[in-house]
Amino acid sequence: MPDSSLFRLSVSRCFGGTVAVYHHTSRECRCDMRFSIYLPPQAEREPVPVLYYLSGLTCTEENFTTKAGAQRYAAEYGLALVAPDTSPRGEGVPDDPNAWDFGMGAGFYVDATIAPWDRHYRTYSYVVTELPELVAAHFPIRGDRAGICGHSMGGHGALVCGLRHRDRYRSISALAPIAAPMQCPWGEKAFTGYLGDDRTAWQAYDATALVATHADPSRILLVDVGTADPFLAQGQLLPEVFAAACQAAGQPLTLRRQSDYDHGYYFVATFIGDHIRHHAAVLHG
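Residues numbered from 1 in each chain as written. Predicted model: local features only at pLDDT ≥ 70, side-chain atom pairs only at ≥ 80, totals over all residues. Heavy atoms only, no water.

Visitor: So what exactly am I meant to see when it comes to the nonpolar core here?
Guide: One recurring pattern in soluble globular proteins is that nonpolar side chains are buried together. Counting 97 residues, the largest nonpolar core has F35, F108 and Y194 as its most contacted members. Of the residues forming this core, the biggest block, eight residues, is contributed by helix α10 (residues 265-283). (Core = buried A, V, L, I, M, F, W, Y, C linked by side-chain atoms within 4.5 Å. Buried < 20%, exposed > 50% of the residue type's maximum accessible area, 1.4 Å probe, protein only. Helix = DSSP H or I, 4+ residues; strand = E, 2+ residues; numbered from the N terminus.)

Visitor: Can you walk me through the side chain of Q42 in this structure?
Guide: By the element assignment, Q42 lies in the loop between β3 (31-39) and β4 (48-54). For Q42, a relative accessible area of 17% translates into the label buried. Apart from residues no more than four positions distant in its own chain, Q42 is found in contact with V48, A75, E76, Y77 and G78. (Contact = heavy atoms within 4.5 Å.)

Visitor: What should I look at first to understand the environment of A68 in this one?
Guide: Along the chain, the position of A68 falls in the loop between α1 (61-67) and α2 (70-77). For the pair A68 and I272, spaced 204 residues apart in sequence, the C-alpha separation works out to 7.1 Å. The residues contacting A68, other than those within four sequence positions of it, are N63, Y265, V268, A269 and I272.

Visitor: Where do I start with the sheet that holds strand β5 (residues 80-84) in this structure?
Guide: Strands pair in a sheet through their backbones, by hydrogen bonds, and they do so in one of two ways: parallel or antiparallel. The strand order across the open sheet formed by nine strands is β1-β2-β3-β5-β4-β6-β7-β8-β9, and the pairing between neighbours is mixed. Each edge of the sheet is formed by a strand with only one pairing partner; in this case those strands are β1 (6-14) and β9 (253-258). Averaged over all neighbouring strand pairs, the angle between strand axes comes to 20°, with direction disregarded. Bridge count for β1 against strand β2 (residues 17-26) is eight bridges, and the pairing is antiparallel. From the neighbouring strand, S10 faces β2, where its bridge partner is V21. (Pairing = 2+ DSSP bridges. Axes fitted to C-alpha atoms, helices over the stretch in contact; angles between N-to-C directions.)

Visitor: Explain unusual backbone geometry to me, please; I cannot follow it from the model alone.
Guide: Residues A115 and P116 are joined by a peptide bond in cis, for which omega reads 0°. Mapped onto the fold, P116 is located in the loop between β5 and α3 (123-138). Although it is not a glycine, Y109 adopts a positive phi angle of roughly 55°. Positionally, Y109 belongs in the loop between β5 and α3. According to the relative accessible area criterion, Y109 is buried, its value standing at 1%. Positive phi, normally seen in glycine, also occurs at L238, with a value near 55°. For L238, the location among the structural elements is in the loop between α8 (230-233) and α9 (239-249).

Visitor: Mind showing me how you'd approach α9 here?
Guide: The periodicity of an α-helix, 3.6 residues per turn, causes residues three or four places apart in sequence to face the same way. Listed in full, the buried residues belonging to α9 are P239, F242, A245 and C246. What you see down the axis of α9 is that its buried residues fit within an arc of 125°, all on one side. Counted as exposed and oriented over 90 degrees from the buried face of α9: Q247 and A248. Here the buried face of α9 lies against α4 (153-164), α7 (207-214), β8 (221-226), α8 and β9. Looking one or two residues past α9, G250 carries a phi angle of roughly 75°, positive in sign. (Arc of directions from axis to C-beta.)

Visitor: Help me out: how do you make sense of the pairing of β3 in this one?
Guide: The two faces of the sheet receive side chains in turn, since in a regular strand these alternate between them. For β3, the tally of buried residues reaches seven of nine residues, placing the bulk of the element in the interior. Adjacent in sequence and paired antiparallel, β2 and β3 are bridged by four residues, among which R30 carries a positive phi angle near 55°. Direction of pairing for β3 relative to β5: antiparallel, over a ladder of four bridges. Within the sheet, the bridge partner assigned to S36 lies in β5 and is A83.

Visitor: Just checking my understanding: could you explain the state of the cysteines for this structure?
Guide: Here a disulfide denotes a covalent bond joining the sulfur atom of one cysteine to the sulfur atom of another. Here the structure, examined in full by the defined rule, presents zero disulfides. C161 provides the cysteine sulfur closest to C149, a residue in no disulfide bond, and the two sulfurs are 12 Å apart. Note on C246: no disulfide assigned, nearest cysteine sulfur contributed by C149 at a separation of 16 Å. Under the relative-accessibility criterion, C246 is labelled buried at 1%. (Disulfide = S-S within 2.5 Å.)

Visitor: Where do I start with the pattern of salt bridges in this structure?
Guide: Think of it this way: side chains of opposite charge can pair up when their charged atoms draw near. Inspection of the entire model under this criterion finds twelve salt bridges. With a closest N to O distance of 2.6 Å, D101 and K189 form a salt bridge. With D101 in the loop between β5 and α3 and K189 in helix α5 (residues 185-195), this residue pair connects regions lying 88 residues apart in the sequence. Looking at K189, the relative accessible area reads 36%, which means it is partly exposed. (Salt bridge = Lys/Arg side-chain N within 4 Å of Asp/Glu carboxyl O.)

The analysis is restricted to geometry; functional conclusions fall outside its scope.
So, in structure tokens, the structure goes:
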């Protein structure tokens, strides 16, 4: 690699391509960050479209890479997969040791404005700006053909990043997303801690609020939710609230309720093929 700040930690052959993990010093998060990247066999001949995947609470770049089985479909459809970590980590990075849903592993894909979180917790800008620049500079991908997907907290991130940046992401999908974080306990806790008490500042990171001003009739959003998801019953996900906002804004949405599936990676692994096909149809179109 030409940039000495990018270090490869591992590489493995997978479905004719390669899956690798890298770490680098992040200018946005001011610490070392990790990401995984799957390059399909087609990337050995020419640059390929890229799908960014954002993981959920407590996850790292490893969960999706090892559990979802997505590489099989990415190889079939010729897409690169990039999965970043969910938050900054390391010595000097603040954390809440008494909470699993705030601090490390729970960056919520926002740019924090409240100390001490504001120095390192800038995962929104990391995802939408720094990481794509790094990937485009070092790997055979087509930066002009990118999509974004995510699960749970990462589904929230994918919807927010995709809606706010239609010029960067041609396709969007989410699995069990936290779709209206301003209206659920997870979102209220994270936004208060990272952004403060001014709820108007929260709207920039709430997909249900954003769709009113960022609807794009040319893009169909795909969202899957399991009917046995305990967080659905607890009011953490609120897909029906997001669906109503999409209908009011004229945003095309395919919302699928998958009978008896829960929130875990068996659910993700079952439907990730549909999501990759959804993105491939747009990114190769």
